[in-house]
Amino acid sequence: MSTPIPDLWPSDLVGPPTTTPVAILRRQGDALGTHTQNFVLGEVETRPIVNGTQFEHNFVIQAPFLRFRFPLLRVTHGVNPYPLSMVETDLTKSQAPSSQFWHREAKTELEFQDQLREFFALSAVKSLIGSLIAQSNEIAPDEHR
Amino acid sequence: MICAVFWNIGRKGPREGIVRLITDLQVQEDADIIALAECSDQVVATVLRALNPRGRSPAFNLIPTTSRVRLLVRGPVPGTHELDSHEYYSVVHLLPNVGPALILVVVHMVSLVSKDRGHIDHELTLLAGAIRKAEDSLQHSRTILLGDLNANPFADGVVNASGLHGVMSRAVAARGSRQASHRLYPFFFNPMWQFFGDGESQPAGSCYYEPEGAHTGYYWNLFDQVLIRPCLLPYYANDLVKIVSLIAGKRLTQSNWIPDRSIGSDHLPVRLRLTR
């Protein structure tokens, strides 16, 4: 009888619980859907980049009645979820000639949440989301508002 | 595993009681998928509002389609998208929250009023080719088709090998495929054949047309159909497909089973449930 092959992974392989950036982004997508009865919502698309040494999470805004589906925010981090960097997309970037993409770095989960809150409150973001909601509502007015 | 309903609602408006019937149908059948034909954006949007009451985490998503079939899916279903489409159909890669990925094909074929049977058979053959192409690209055939084919289960486009290749027998469908003229064609199992009958205890079809002066007239037609690929047969039983004639206690038919358009549509809904 052969000897069983042992599990060679260290016992502390799974570290302390952390809310990952992708979980935080998904929650924001669902929350937007809750506010709008899924007329406008967010979805997260994740892919490994730089030969698997980094992850990229695209927070994609969808307004299905308008056939609108574009990335709003791009979050990237290394193998570990923090630190991370986040950058807006062309969707909300100012058209002024010298303007730069809004971007932030976050070292922790709390910093990430603060910066997301700041981003969602930008006038360009509020204007975009408000317009998508208004145009979607045109199709079937929300009679309870 | 999954429950899907399809209903051609006959262009009913949002204030004609159809929204309530659709949402009651969802509740009655515990449907995960609602596919609607002859349905305006306004109706589907009002249905979505009703299915996703304000203040609660939304249950259903509209999957954008470029065909004339509207599709609502109980979510979240990230990644679910239309793989291929035409005015008459959408081929959707469905990634349910639980269970394996499926290919969902929703159809509203061109009407017999505007095109002849030969044209519709040809369109069904083109649809069958699009389905096989999607299955080849995804490398699986967990495919469910539901829709108003504007053709009966015995029509050439539904039965022919190069068409949908829908057969009435589970045992035959379980063979997987058949060679015709040196080409291999996969089967669909078409459970709708079981509904041909005398129309005494249930409707003799999903829609009814008086033949008027025509030499050939079937009166009852089974244009609204569900078909499944053989690999889904382990999840299927005969009573899992039905033509719905009653929603929340409200009859959709007159006393002779003919669909009552003053209540619902000139078509009856069909429902497919697949279970473990």
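Look up a bit, the structure's there.
Everything numeric in this text was worked out from a predicted model, so none of it was measured. (Residues numbered from 1 in each chain as written. Chains lettered and ligands numbered in written order. Predicted model: local features only at pLDDT ≥ 70, side-chain atom pairs only at ≥ 80, totals over all residues. Heavy atoms only, no water.)

> Describe the interface of chain A and chain B, naming the residues involved and giving the relevant values.
Each partner contributes to the interface: chain A provides 19 residues, whereas chain B provides 24 residues. Carbon and sulfur atoms make up 51% of the surface buried where chain A meets chain B, a total of about 1800 Å² over both sides. Counting the surface chain A buries against chain B, the share from its top three residues, Q37(A), F65(A) and R67(A), is 34%. Seen at the junction of chain A and chain B, the total is zero salt bridges. On inspection of chain A and its partner chain B, the count reaches nine residue pairs in polar contact (both at pLDDT 80 or more). Among the elements that make up the side of chain A that touches chain B, the one with the highest residue count is helix α1 (residues 21-36) of chain A (four residues). (Contact = heavy atoms within 4.5 Å. Buried area = accessible area lost by both parts, 1.4 Å probe. Salt bridge = Lys/Arg side-chain N within 4 Å of Asp/Glu carboxyl O. Polar contact = N/O pair within 3.5 Å; in protein donor to acceptor, adjacent residues only side chain to side chain. Helix = DSSP H or I, 4+ residues; strand = E, 2+ residues; numbered from the N terminus.)

> Lay out unusual backbone geometry in plain terms, naming residues and giving numbers.
Going from Y82(A) to P83(A), the amide bond is cis rather than trans, its omega being 0 degrees. Note on placement: P83(A) falls in the loop between β3 (68-77) and β4 (84-88). Positive phi, normally seen in glycine, also occurs at A248(B), with a value near 50 degrees. The topology assignment puts A248(B) in the loop between β17 (246-247) and β18 (250-251). Accessibility expressed as a relative area gives 54% for A248(B), which makes it exposed. For W257(B), which is not glycine, the phi dihedral falls at a positive 75 degrees. Judged by relative accessible area, which is 16%, W257(B) ranks as buried. (Buried < 20%, exposed > 50% of the residue type's maximum accessible area, 1.4 Å probe, protein only.)

> Describe the sheet that holds strand β1 (residues 2-8) of chain B, and please don't skip the residues or the numbers.
Residue and element names in this part refer to chain B. Taken together, six strands build an open sheet; the order of strands is β3-β4-β2-β1-β19-β16 and the sheet is mixed. Because the sheet does not close on itself, it has two edges, and the strands there are β3 (60-62) and β16 (241-243). Each neighbouring strand pair of the sheet contributes to a mean axis angle of 15 degrees, computed without reference to strand direction. Summarising the sheet, β1 and strand β2 (residues 33-37) pair through five bridges and their orientation is parallel. Residue pairing across strands places W7 opposite L36, the latter belonging to β2. Along the sheet, helix α1 (residues 18-29) contacts β1, β2, β3, β4 (69-74), β16 and β19 (270-274); its crossing angle with β1, the most-contacted strand, is approximately 155 degrees. Together, β2, β3 and β4 form the strand contacts of helix α2 (residues 41-51), whose direction differs from that of β4 by roughly 10 degrees. (Pairing = 2+ DSSP bridges. Axes fitted to C-alpha atoms, helices over the stretch in contact; angles between N-to-C directions.)

> I'd like to hear about the packing of α1(A) against helix α2 (residues 109-120) of chain A, residue by residue, with values.
Helix-helix packing: each pair is described by the crossing angle between the helix axes and the interaxial distance. Residue and element names in this part refer to chain A. Where α1 meets α2, the axes come as close as 11 Å, and the angle between the chain directions of the two elements is 35 degrees. The hand of the α1/α2 crossing is right-handed. Contacts between α1 and α2 involve P21, I24, L25 and Q28 on the former and, on the latter, E109, F112, Q113, L116 and F120. (Left-handed = near helix turned anticlockwise from the far one by under 90°.)

> Account for the sheet that holds strand β2 (residues 54-63) of chain A, with residues named and values stated.
Residue and element names in this part refer to chain A. Pairing in this open sheet of five strands is antiparallel, and the strands run β1-β2-β3-β4-β5 from one edge to the other. At either margin of the open sheet sits one strand with a lone partner, and together these are β1 (41-49) and β5 (103-106). In this sheet, adjacent strand axes meet at a mean angle of 25 degrees when their direction is disregarded. The sheet contact formed by β1 and β2 spans nine bridges and is antiparallel. Bridging from a neighbouring strand, V44 pairs with F59 of β2. The strands touched by α1 are β1, β2, β3 and β4; relative to β1, the strand with the most contacts, the crossing angle is about 160 degrees. Its contacts with the sheet place α2 against β2, β3, β4 and β5, and it is angled at close to 160 degrees to β5.

> I'd like a description of a nonpolar patch on the surface, backed by residues and values.
Residues and elements named next belong to chain B. On the surface, a nonpolar cluster with roughly 320 Å² of combined accessible area is contributed by F154, V159, F196 and Y218. Summarising the element assignment, F196 is placed in the loop between β12 (188-189) and β13 (207-208). On the basis of relative accessibility, which here comes to 32%, the residue F196 falls in the partly exposed class. (Patch = residues over 30% accessible without salt bridge, like charges linked within 9 Å, V, L, I, M, F, W, Y side chains within 5 Å. Areas by Shrake-Rupley, 256 points an atom, 1.4 Å probe, with all protein chains shown as cover.)

> How would you sum up the environment of F223(B)? Please name residues and give values.
All names here are of chain B. Turning to its location among the elements, F223 is positioned in the loop between β14 (220-221) and β15 (224-228). Along the primary structure F223 and L268 are separated by 45 residues, whereas in three dimensions their C-alpha atoms are 10.0 Å apart. Residues in contact with F223, not counting those within four places in the same chain, are L112, G147, D148, L149, N150, A151, N152, S206, C207 and Y209.

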